Amino acid sequence: MRGLDNNFKRIFKRKIKCTISILIGFLISGSISFATGLLNENIYNTDVEFIAPSGSNVIQTNNEETYTFNGNVSMKNEGDQPTVWALGESNLTFNIADGKTLSVENINNNREAYAFAIGANSNYSPNGIMNISGGNLYIDLKRSIFDDAAYAFQSDNDGKLNINNQSIIIKNVDMGIKMQDDSKVDIKTGYFSIENSYYGIAMQQNTDAKTNNIVEINSETDINISSKMEGKMEGDMEEDAASIYLLSYHKNNVFNKVHLTAIGNINLEASKYGIHSYGQNEVQLTGKNISISGNNYGIYSTGSDDYHDSKIDLNAQNSITITSNNGWSIASMKENSVVTLNGNLSNINGASALWASEKGKVNINTLENHIVSNRTAAKVTTEGEININKNNTAY
């Protein structure tokens, strides 16, 4: 676990550098109120395209600004800076007409560039806000070599991201949503998908965190997050890809919280972890059918010590399927780790199925249960606890 901790800390230590023009403006004026970039109109009525040269942004601001796009809008980035950067104290709003699409893409494959950075690493002030309303959102950062360099959304330093639109598709990213330090993401959409990522949703609370990191995604249809990378790793990145990867262990009153709600289905798949939760985290998935798969673990949940809770609740109208090809379908470790399944039917398939250790708990409350394992159906060690509805069918 120490290796995972160090790897994640390395991933989260990257800092975005402000442009030289910002620093010069601050030194000359003593003020940090500014907006730079390519957007020079508040309303665009036709299809438009903006290309940010390397080291620049389509928009970077710490002001309150609103832009309306009545046609399709394409934002492209040659690399090295966020395409859209809502700095501390900003309140940046994009209004997209229904049926139109905001697309954000990297021009060069495998260059360092973020699509949206909100409040990220501003040394001046926190509380950056990014709002996207209406239309469709399409993000492709062209990653085939995965490193810590390209995120669809980075929210940091009390940043807030609010989206209410028709659909969101994110492709070829190191991380779909990266959050730390008291950040909030609130998404309401018709359809949500992350494809070909290293981490789908990655969150960490640092030692000085004051409030919860929160991701809430509500979809009128499905939520799909895939971290089965079609590419290779670079640098010292370990192959620990996860659809949801959470670390929070410095304070006993500050959580990472992920709430995914779909009227349709929720599907998570990853080359290692479907869900990885270490420390003080809360995960709630609610949908018609829920499917989670990871080559090593479908779900790995552990408290970091006796007072750091890791709670994972799955609530399905119909079925829950948890799969692991090479390891455990569900592992719940340490006293304050609890994994709970609620629904009509559970299908748990793995090389090994259920493992509870050091007072960790697994509660399977589904009305009908099928457990299929090539090795161990259920393992309890050091006062672990596995509770299964009596209608269970095990193989």
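Rules of the game
- Residues numbered from 1 in each chain as written.
- Predicted model: local features only at pLDDT ≥ 70, side-chain atom pairs only at ≥ 80, totals over all residues.
- Heavy atoms only, no water.
- Phe/Tyr/Trp six-rings, centres within 6.5 Å; stacked < 30°, edge-to-face > 60°.
- Helix = DSSP H or I, 4+ residues; strand = E, 2+ residues; numbered from the N terminus.
- Buried < 20%, exposed > 50% of the residue type's maximum accessible area, 1.4 Å probe, protein only.
- Core = buried A, V, L, I, M, F, W, Y, C linked by side-chain atoms within 4.5 Å.
- Contact = heavy atoms within 4.5 Å.
- Polar contact = N/O pair within 3.5 Å; in protein donor to acceptor, adjacent residues only side chain to side chain.
- Salt bridge = Lys/Arg side-chain N within 4 Å of Asp/Glu carboxyl O.
- Pairing = 2+ DSSP bridges.
- pLDDT = per-residue confidence, 0-100.

Asks: Can you tell me about the packing of aromatic side chains, naming the residues and giving the values?
Replies: Within the structure shown, the criterion is met by 13 aromatic pairs. Ring geometry for F69 and F94: centres 5.6 Å apart, planes at 90°, overall edge-to-face. Taken as a pair, F69 in strand β5 (residues 64-69) and F94 in strand β8 (residues 91-96) lie far apart in primary sequence, 25 residues in all. Accessibility expressed as a relative area gives 1% for F69, which makes it buried.

Asks: Requested: an account of the nonpolar core, with residues and values cited.
Replies: Core analysis: the biggest nonpolar cluster contains 73 residues, and F69, F94, F116, F153 and L260 have the highest contact counts within it. It is strand β16 (residues 167-180) that contributes the most residues to this core, five residues altogether. If we ignore the near neighbours within four places in the chain, the residues touching F153 are F116, I118, L137, I139, L161, I163, I170, G176, I177 and K178. Counting residues in each nonpolar core, the second largest holds 21 residues, with F146, Y198, Y199 and W355 among its members.

Asks: Run through unusual backbone geometry, naming residues and quoting values.
Replies: Even without being a glycine, E358 presents a positive backbone phi close to 55°. Note that E358 resides in the loop between β32 (345-357) and β33 (361-364). We classify E358 as partly exposed; its relative accessible area is 39%. Of note, E383 is a non-glycine position whose phi angle comes to about 65°, a positive value. Following the sequence through the fold, E383 ends up in the loop between β35 (378-381) and β36 (385-388).

Asks: Could you give me a rundown of the environment of L87, with the residues and numbers involved?
Replies: Tracing the chain through its elements places L87 in the loop between β7 (84-86) and β8. Each C-alpha atom of the pair L87 and G159 lies 8.4 Å from the other, and the pair is 72 residues apart in sequence.

Asks: Could you give an account of the environment of E195, with specific residues and numbers?
Replies: With respect to the helices, strands and loops of the structure, E195 is situated in strand β18 (residues 192-205). For E195 and V173, which are 22 residues apart along the polypeptide, the C-alpha to C-alpha distance reads 8.0 Å. Apart from residues lying up to four places away in sequence, E195 is in contact with I169, I170, K171, N172 and S226. At 3.4 Å, the side chain of E195 and the side chain of S193 are in polar contact.

Asks: Can you break down the pattern of salt bridges residue by residue, with the values?
Replies: For the coordinates displayed, the defined rule picks out five salt bridges. A salt bridge links K160 to D158; the shortest N-O distance between them is 3.2 Å. As a salt-bridge pair, K188 and D186 come within 3.1 Å of each other at their nearest N and O atoms.

Asks: Which residues make up the pairing of strand β26 (residues 281-287), and what values go with them?
Replies: In summary, the side chains of a regular strand alternate between the two faces of the sheet. The element β26 is extensively covered by neighbouring structure, given that five of its seven residues are classed as buried. Bridge analysis of β26 against strand β29 (residues 310-316) gives seven bridges, and the strand direction is parallel. Its bridge partner being in β29, G287 is matched across the sheet by A316.

Asks: Describe the side chain of S243, listing the residues and the values that go with them.
Replies: Summarising the element assignment, S243 is placed in strand β22 (residues 242-248). The class for S243 is buried, based on a relative accessible area of 0%. There is a polar contact of 3.3 Å between the side chain of S243 and the backbone oxygen of I225. Of note is the side chain of S243, whose polar atom sits 2.9 Å from the backbone oxygen of E269. If near-sequence neighbours (up to four positions away) are discounted, S243 is found in contact with G200, I201, I225, S227, L268, E269, A270, Y273 and G274.

Asks: Describe the confidence of the model for the protein chain, with residues and values.
Replies: In this model, the protein chain carries an average pLDDT of 85, and 84% of its residues clear a pLDDT of 70 or more. Contacts of residues 13-33 to residues separated by more than four positions or lying in other chains number 34 contacts, the stretch itself having pLDDT below 50.

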